[in-house]
There are 2 protein chains.
Amino acid sequence: MKRFAIAWLGLAAVANGAPPPITAQVLESSQPSDWRRPDPDNTLYLDLPAGRVIIELAPRFAPEHVANIKAMVHDKFFDGLPIGRVQDNYVTQWGDIDEIRVTEAAKRKLPDETVIAWSKSLPVVKLPDADSYAPETGWLDGFTVGIERKPSSQVWMTHCYGTVGVGRGDWPDTGSGSELYAVIGQAPRHLDRNIVLVGRVLRGMELLSSLPRGSGALGFYSDEEKPRRTLIRGARLAGELPEAARTAIEVLRTDTPLFTRYVEARRNRREGWFVRPAGHIDVCNLPIPVRDIK
Amino acid sequence: MKRFAIAWLGLAAVANGAPPPITAQVLESSQPSDWRRPDPDNTLYLDLPAGRVIIELAPRFAPEHVANIKAMVHDKFFDGLPIGRVQDNYVTQWGDIDEIRVTEAAKRKLPDETVIAWSKSLPVVKLPDADSYAPETGWLDGFTVGIERKPSSQVWMTHCYGTVGVGRGDWPDTGSGSELYAVIGQAPRHLDRNIVLVGRVLRGMELLSSLPRGSGALGFYSDEEKPRRTLIRGARLAGELPEAARTAIEVLRTDTPLFTRYVEARRNRREGWFVRPAGHIDVCNLPIPVRDIK
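This report concerns the structure included in the present document. Just so we're clear, the structure is a prediction, and the values are computed from it rather than from any experiment.

Some remarks on the interface of chain B and chain A
- The interface of chain B with chain A comprises 65 residues on the first partner and 66 residues on the second.
- Roughly 6100 Å² of surface becomes buried between chain B and chain A when both sides are summed, with 53% attributable to carbon and sulfur atoms.
- For the pair chain B and chain A, the number of links is 0 salt bridges.
- Taken together, chain B and chain A are joined by 24 residue pairs in polar contact (both at pLDDT 80 or more).
- Those elements that provide at least two residues to the side of chain B that touches chain A are helix H1 (11-15), strand S5 (91-95), strand S12 (179-183) and helix H4 (205-209) of chain B.
- Sort the elements by how many residues they give to the side of chain B that touches chain A and H4 of chain B lands first, with 3 residues.

Shown next as structure tokens:
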């Protein structure tokens, strides 16, 4: 039987020598100004035995929570703490799983930062498509957002794959940031506006999503599994490391005409493989490209 | 420092002795008639070294593809074949990855079964919420569906976490079923109506979602990784096995008044932890309970 690599889900057009996919064409036409370098002071490296997870923090959305996390990182608070919870199709959670502590420099109680105020001056790029959870959706500073102009006049970061949030107990305790989670499954949008979000994973999601699931309630590791938990080697801000220890990446800007063309290409996939372009997209279904700086 | 298990994302109300979550109350009030036992002749066991993945096949949606898969399973076609692709936030794919073959009993070419015809007589339970991709969504036979009554008069199974589909090359080749995939990330709804879906995983998703990601293009394992691929021990229909070798489970019916109450409880989470019930839900965000038969 002839050996033949099957081509599907987008590979087909490339394999057959047809024109490159529209999405690829848009990205190939990008200029250096269409990309941005994340602020090193808001770039968190979570170094695990298997590699580096790079998280972009979002001070516009949760300034006090982000500041608290940065204070704890500065004190090396997360070093040696475990990834303690992996719940399938939900979240991977790490940090101060077994206790409730913060470092001296950090605060135990923080204000509610689940939403920010809507303003016409916010540089939001809106998506034209319907959403199950929010009147409008789009992007702000490279983060996905939900928008409710009336009656609440609120904007909030949405829970998508790779979004990072702050574990908390019962209201009104919003969590200190000593325990963080990343979404590893279908966007749990019902959590939007219920919990503080502080950023998103730019690279290394597979290091969080492919971990063994915890067999305890809510995916926490059982006592038997605890000795095998993944431990955090170190959590550092890129800005605190020498240049040589940083990972040089850039992210596609979300506030450019090119990004709008990119969204359009993803709303209507015209690569050879597709039969029926959807004509729509969910805000959580658009990967924002990240690439190495050469 | 006092040791204290942090409680969040739904656990809080239980931990604090408050009334049980509304979702739990609905399920506790269920009667035996609110549950169904999947048809053994449409229940596919994918037995892996780490355990069993249970897939419910959907003959209403793709009768010829399901029949073809069953013919191949009967011939033990999948036994020893690899899980050959794991692409983060997308799909895990298994079967005839390296070649294109079918068994003698199966067909190489099958008709387009990406959609079925809409009819008022279909026992669809509809969701009242907006959807980014389809005019209407809901459930049919326990599977999530999109509905477009006009102009196309079509119903189709939607790609959600755990949905199982048939790998294919370029149109109009719809794939034989010798290569199957399961969604392991954010619902890739742009694939709806572009590829044939044949079922969904009822149990064992974590065995597919926590596998190492492939480092090759589209998550295929590289030549270097191939020797470490997970191999399928056996793929069997439950109906072909003796009772003792089957896994006795039942699934919450989706066509009952209780299911409607369950959906409502998930649309508005009123457990103590939640501050703002969403008032909406995405069709891919509703877990359909599966339990052991005791």
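Description of the packing of aromatic side chains
- Enumeration over the complete set of coordinates arrives at 10 aromatic pairs over all chains.
- Taken together, a centroid distance of 5.2 Å and an interplanar angle of 80 degrees make the contact between tryptophan 139 of chain A and phenylalanine 259 of chain A edge-to-face. Taken as a pair, tryptophan 139 of chain A in strand S8 (residues 136-140) and phenylalanine 259 of chain A in helix H5 (residues 257-267) lie far apart in primary sequence, 120 residues in all.
- Look at tryptophan 139 of chain A and you get buried, because its relative accessible area is 1%.
- Taken together through their ring pairs, the aromatic side chains of Trp139, Phe259 and Tyr262 of chain A make up a single cluster.
- Of note, arginine 291 of chain A hangs over the ring of tryptophan 35 of chain A, and the distance from its end group to the ring centre comes to 3.8 Å.
- When the ring centre of tyrosine 45 of chain B is taken as origin, the NZ or CZ atom of arginine 52 of chain B, which lies over that ring, is 3.8 Å away.

Observations concerning helix H3 (residues 63-74) of chain A
Residues and elements named next belong to chain A.
- Under the 1.5 Å per step criterion, the end-to-end length of H3 is 16 Å for 12 residues, consistent within 8% with the ideal 16 Å.
- Those residues of H3 not exposed but buried are His65, Val66, Asn68, Ile69, Ala71, Met72 and Val73.
- Buried-residue contacts for H3 involve strand S2 (43-48), strand S3 (51-57), strand S11 (163-166), strand S12 (179-183), strand S13 (197-203) and strand S14 (234-237).
- Trailing H3 by a residue or two, lysine 76 shows a phi angle of about 60 degrees, which is positive.

Let's talk about the sheet that holds strand S6 (residues 116-117) of chain A
Residue and element names in this part refer to chain A.
- Strand order across the open sheet formed by 5 strands is S6-S10-S9-S8-S7, with antiparallel pairing between neighbours. Of all strands in the sheet, those with a lone pairing partner are S6 and strand S7 (125-127), marking the two edges.
- The sheet contact formed by S7 and S8 spans 3 bridges and is antiparallel. Residue lysine 126 lies in a different strand from S8, and its bridge partner there is glycine 138.

Thoughts on the environment of glutamate 206 of chain B
- Locating glutamate 206 of chain B in the fold gives a position in helix H4.
- Using a relative accessible area of 33% as the deciding quantity, one classes glutamate 206 of chain B as partly exposed.
- Measuring from C-alpha to C-alpha, the distance between glutamate 206 of chain B and valine 26 of chain B comes to 26 Å, with 180 residues separating the pair along the chain.
- Other than its neighbours up to four places away in sequence, glutamate 206 of chain B contacts Asp88 and Arg213 of chain A.

Here's the deal with the side chain of asparagine 285 of chain B
- Mapping asparagine 285 of chain B onto the fold places it in the loop between helix H5 (257-267) and strand S16 (290-292).
- At 3.2 Å, the side chain of asparagine 285 of chain B forms a polar contact with the side chain of tyrosine 133 of chain A.
- Excluding residues within four positions of it along the chain, asparagine 285 of chain B makes contact with Tyr133, Gln186, Ala187, Pro188, Arg189 and His190 of chain A.

Some remarks on the relation of the copies chain B and chain A
- Superposition of chain B onto chain A requires a rotation of 180 degrees combined with a translation of 0.0 Å along the rotation axis, giving an RMSD of 0.0 Å. In the structure described here, the two chain copies are related by an operation that fits a two-fold rotation axis.
- The fraction of interface residues of chain B whose copies in chain A are also interface residues reaches 100%, indicating that both copies meet through the same surface.

Points about the pattern of salt bridges
Residue and element names in this part refer to chain A.
- For the coordinates displayed, the defined rule picks out 42 salt bridges over all chains.
- Between aspartate 255 and arginine 253 there is a salt bridge, with the nearest N and O atoms lying 3.0 Å from each other.
- On the basis of relative accessible area, aspartate 255 is assigned to the partly exposed category, the value being 43%.
- Here the residues in one salt-bridge network are Asp98, Asp223, Lys226 and Arg229, joined through shared partners.

Some points on the state of the cysteines
Residues and elements named next belong to chain A.
- Applying the stated criterion across every chain yields a total of 2 disulfides over all chains.
- Note on cysteine connectivity: cysteine 160 is disulfide-linked to cysteine 284, with sulfurs 2.0 Å apart. Sign of the S-S torsion, about -70 degrees for the bond between cysteine 160 and cysteine 284, identifies this disulfide as left-handed. Remark: cysteine 284 occurs in the loop between H5 and strand S16 (290-292) and cysteine 160 occurs in the loop between strand S10 (154-157) and S11; sequence separation between them is 124 residues.
- Its relative accessible area of 5% is what places cysteine 160 among the buried residues.
- Take cysteine 284: its relative accessible area is 9%, and that puts it in the buried class.

Description of the pairing of strand S9 (residues 143-148) of chain A
Residue and element names in this part refer to chain A.
- Within S9, 6 of the 6 residues are buried, leaving the element largely enclosed by the surrounding structure.
- The alternating pattern of S9 places Phe143, Val145 and Ile147 and Thr144, Gly146 and Glu148 on opposite faces, both of which are buried.
- Two strands pair when backbone bridges link them, and S8 and S9 are joined in this way by 5 bridges, in the antiparallel orientation. The partner of glycine 138 across the bridge, within S9, is valine 145.
- Counting the residues that bridge the hairpin from S8 to S9 gives 2 residues, and of these aspartate 141 lies at a positive phi of roughly 60 degrees.
- Examined bridge by bridge, S9 and S10 share 4 bridges and lie antiparallel to one another. Residue pairing in the sheet places glycine 146 in a bridge with tryptophan 156 of S10.
- Hairpin geometry of S9 and S10 is characterised by an intervening segment of 5 residues between the two adjacent antiparallel strands and by a positive phi of about 55 degrees at serine 153.

What counts and how
- Residues numbered from 1 in each chain as written.
- Chains lettered and ligands numbered in written order.
- Predicted model: local features only at pLDDT ≥ 70, side-chain atom pairs only at ≥ 80, totals over all residues.
- Heavy atoms only, no water.
- Contact = heavy atoms within 4.5 Å.
- Buried area = accessible area lost by both parts, 1.4 Å probe.
- Salt bridge = Lys/Arg side-chain N within 4 Å of Asp/Glu carboxyl O.
- Polar contact = N/O pair within 3.5 Å; in protein donor to acceptor, adjacent residues only side chain to side chain.
- Helix = DSSP H or I, 4+ residues; strand = E, 2+ residues; numbered from the N terminus.
- Phe/Tyr/Trp six-rings, centres within 6.5 Å; stacked < 30°, edge-to-face > 60°.
- Buried < 20%, exposed > 50% of the residue type's maximum accessible area, 1.4 Å probe, protein only.
- Lys NZ or Arg CZ within 6 Å of the ring centre and 35° of its normal.
- Expected span 1.5 Å × (residues − 1).
- Pairing = 2+ DSSP bridges.
- Least-squares fit on C-alpha atoms with pLDDT ≥ 70 in both.
- Disulfide = S-S within 2.5 Å.

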